[in-house]
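Geometric and topological summary
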Amino acid sequence: EDRSYGIDLFIKKDYRGHSAWLSYSLSKTEEKFPYFLKNEWERSPQDQRHELKGAVLVNIKPFCLSANYVFGSGFPLNAGTILRPKYFEPEYNRLDVAAIYRFHIKKVMGETGISIMNVFNTQNIRYSNFEKVPLDQTNTVNIYSEAVPFSPRLTLKLSF
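The rules behind each value
- Residues numbered from 1 in each chain as written.
- Predicted model: local features only at pLDDT ≥ 70, side-chain atom pairs only at ≥ 80, totals over all residues.
- Heavy atoms only, no water.
- Helix = DSSP H or I, 4+ residues; strand = E, 2+ residues; numbered from the N terminus.
- Buried < 20%, exposed > 50% of the residue type's maximum accessible area, 1.4 Å probe, protein only.
- Contact = heavy atoms within 4.5 Å.
- Areas by Shrake-Rupley, 256 points an atom, 1.4 Å probe, with all protein chains shown as cover.
- Salt bridge = Lys/Arg side-chain N within 4 Å of Asp/Glu carboxyl O.
- Pairing = 2+ DSSP bridges.
- Phe/Tyr/Trp six-rings, centres within 6.5 Å; stacked < 30°, edge-to-face > 60°.

Examining the overall build of the protein
Each helix and strand in the protein was counted, giving zero helices and 12 strands. From first element to last, N terminus to C terminus, the protein shows the α and β order β-β-β-β-β-β-β-β-β-β-β-β. Expressed as a percentage of its 160 residues, the buried residues of the protein come to 20%. For the protein, the proportion of contacts with a sequence separation of at least 24, taken over those separated by at least 6, is 48%. Within the structure as shown, the protein displays about 11500 Å² of accessible surface, and the carbon and sulfur contribution to it stands at 60%.

Written out as structure tokens, the structure is:
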């Protein structure tokens, strides 16, 4: 059994072909299962209380530039055992940037660009949590995976 509630706020401004937006989420996600030692609601592995996102898109022909930033307060990661749980909440933050150049040479239209996800190569943990709870044991196994590492990408698109 689980339950979730929260609120999202979103602000966006467009100006002369440019755009900027900011969003904020406040949420709470809880769960309760028969195998819990106490018959109480506990934080879900997906419970992230705060998330702030911002983006800017700038169109200076023939260039298009963008940047976005994500900050999350973290997910409750279990560092203990089912009998004595201890949680830690590493923050999540990531900056992504991109630049595109559009061109037209005779009958060829094209664009080339570069994008970089996680510019500062921040070590983030993905909220996906695989938790194995054996029915006949009190031990659990938690497996967490790293989120997007530094990821540059070059593109070239040609139209004839």
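Considering the pattern of salt bridges
Applying the stated criterion across every chain yields a total of eight salt bridges. Of the charged contacts, one joins Arg 49 and Asp 47 as a salt bridge, the two residues approaching to 2.9 Å between their closest N and O atoms.

Looking at the pairing of strand β2 (residues 18–31)
Here 14 bridges tie strand β1 (residues 2–15) to β2, and the two strands are oriented antiparallel to one another. Residue pairing in the sheet places Asp 8 in a bridge with Ser 25 of β2. Linking β1 to β2, which pair antiparallel, is a turn of two residues; within it Arg 16 sits at a positive phi near 50°. Relative to strand β4 (residues 50–60), β2 runs antiparallel, the two being bridged by eight bridges. Paired with Ser 23 across the two strands is Lys 53, which belongs to β4. Note: β2 against strand β3 (residues 42–43), two bridges, orientation antiparallel. Note on β3: the bridge partner recorded for Glu 30 is Arg 43.

A look at the packing of aromatic side chains
Summed over the entire model, instances satisfying the criterion amount to six aromatic pairs. Here the aromatic rings of Phe 10 and Trp 21 are separated by 5.7 Å at their centres, their planes lie at 40°, and the arrangement is tilted. Here Trp 21 lies in strand β2 and Phe 10 lies in strand β1, a separation of 11 residues in the sequence. Residue classification places Trp 21 among the partly exposed positions, given a relative accessible area of 27%. Each ring, one from Phe 63 and one from Tyr 101, has its centre 5.1 Å from the other, and the planes form 45°; the classification is tilted. With Phe 63 in strand β5 (residues 63–72) and Tyr 101 in strand β8 (residues 92–105), this residue pair connects regions lying 38 residues apart in the sequence. Judged by relative accessible area, which is 39%, Phe 63 ranks as partly exposed. Since its relative accessible area comes to 33%, Tyr 101 is described here as partly exposed.

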